[in-house]
Amino acid sequence: MARAHLVGVSMGGMVSQRIAATAPGRVLSLTSIMSSSGAPGLPGPSPEVSRAMVTRPRSQLPEDVVDHTLEIFRLIGSPAYPQDLPAFRQHLLDGVQRSYHRAGVSRQLLAIMADRDRHTLLPRVVCPTLVMHGAADPLVPVACGKDTAARIPGARFESIAGMGHDWPSGVAALLANHIIPHLNAATAPTPA
């Protein structure tokens, strides 16, 4: 049976957690980044971020969608690791031109809200697990990452100072410094 390392970010972390809990024989390791267990009572986004997340762009023109998205990332981004704004703008524009669907954003939020029992499944995760979270995340507060790690037996938690809810190049290098050894350890041969 094929097995895989799962590395999930934000909602992808939620999906990866569910897979690791419900299909343990298929998962070599789990890395959950800037995500949540979904448990009731965890803190949510700041009021300013909540308001921004439910607003819509001025129009569906690619430039307006990008401007709107940049405003959200201004609020949720990593304060210690600013984005290269021209490159990030181009990256967002490329994505919008390739595959933007306004209804998809709403569906993503609805899927997160509908996933109400994942926190009860997390004790079933048996693979090596690394949970990483930005200490400055205003969208999914760091308490959510700590709770995820606490629910998974043997999980290791790493907080990244100055990281928000994005993936600028400075953060990517820090995450890789944790993820690569985690993946290697999970696939290392067991001593006889």
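Small disclaimer: the values here were computed from a predicted structure and weren't measured.

Engineer: I'm lost on the packing of helix H2 (residues 47-54) against helix H3 (residues 62-76) in this one. Help?
Structural biologist: At a minimum axis separation of 10 Å, H2 and H3 run at an interaxial angle of 165°. With respect to their mutual orientation, H2 and H3 come out roughly antiparallel. In this structure, the crossing between H2 and H3 has a hand that is left-handed. Counted together, Glu48, Val49, Ala52 and Met53 of H2 and His68, Ile72, Arg74, Leu75 and Ile76 of H3 form the full contact between these two elements. Taken together, the residues that form the contact of H2 with H3 break down as six nonpolar, one polar and two charged.

Engineer: Honestly, the side chain of Gln17 in this entry has me stumped. Any pointers?
Structural biologist: Position of Gln17 among the secondary structure elements: in helix H1 (residues 11-22). Once residues within four sequence positions are removed from consideration, Gln17 is found in contact with Leu30, Ser32, Ser35, Ser36, Ser37, Arg118, Leu122, Val125 and Thr148.

Engineer: Sorry if this is basic, but what is going on with H1 here?
Structural biologist: Taking 1.5 Å per residue as the helical rise, H1 with its twelve residues ought to reach 16 Å, and the 17 Å between its terminal C-alpha atoms agrees with that figure. Along H1, the positions that sit buried rather than exposed are Gly13, Met14, Ser16, Gln17, Ala20 and Ala21. Taken around the axis of H1, the buried residues stretch over an arc of 165°, which confines them to a single face.

Engineer: I tried to follow the sheet that holds strand E3 (residues 129-134) on my own but got confused; where do I start?
Structural biologist: Backbone-to-backbone hydrogen bonds pair the strands of a sheet. The strands run either parallel or antiparallel. If you trace the four strands from one edge of the open sheet to the other, you get E1-E2-E3-E4, paired in parallel fashion. Each edge of the open sheet carries a strand with a single partner, namely strand E1 (4-9) and strand E4 (156-160). Averaged over all pairs of adjacent strands, the angle between strand axes in this sheet comes to 15°, irrespective of strand direction. Here four bridges tie strand E2 (residues 27-33) to E3, and the two strands are oriented parallel to one another. The residue of E3 that forms the bridge with Ile33 is Met132. Packed onto the sheet, helix H8 (residues 169-187) meets E1, E2, E3 and E4 and runs at close to 160° relative to E2.

What counts and how
Residues numbered from 1 in each chain as written. Predicted model: local features only at pLDDT ≥ 70, side-chain atom pairs only at ≥ 80, totals over all residues. Heavy atoms only, no water. Axes fitted to C-alpha atoms, helices over the stretch in contact; angles between N-to-C directions. Helix = DSSP H or I, 4+ residues; strand = E, 2+ residues; numbered from the N terminus. Parallel < 35°, antiparallel > 145°, perpendicular 65-115°, else oblique. Left-handed = near helix turned anticlockwise from the far one by under 90°. Contact = heavy atoms within 4.5 Å. Nonpolar A, V, L, I, M, F, W, Y, C, P; charged D, E, K, R; others polar. Expected span 1.5 Å × (residues − 1). Buried < 20%, exposed > 50% of the residue type's maximum accessible area, 1.4 Å probe, protein only. Arc of directions from axis to C-beta. Pairing = 2+ DSSP bridges.

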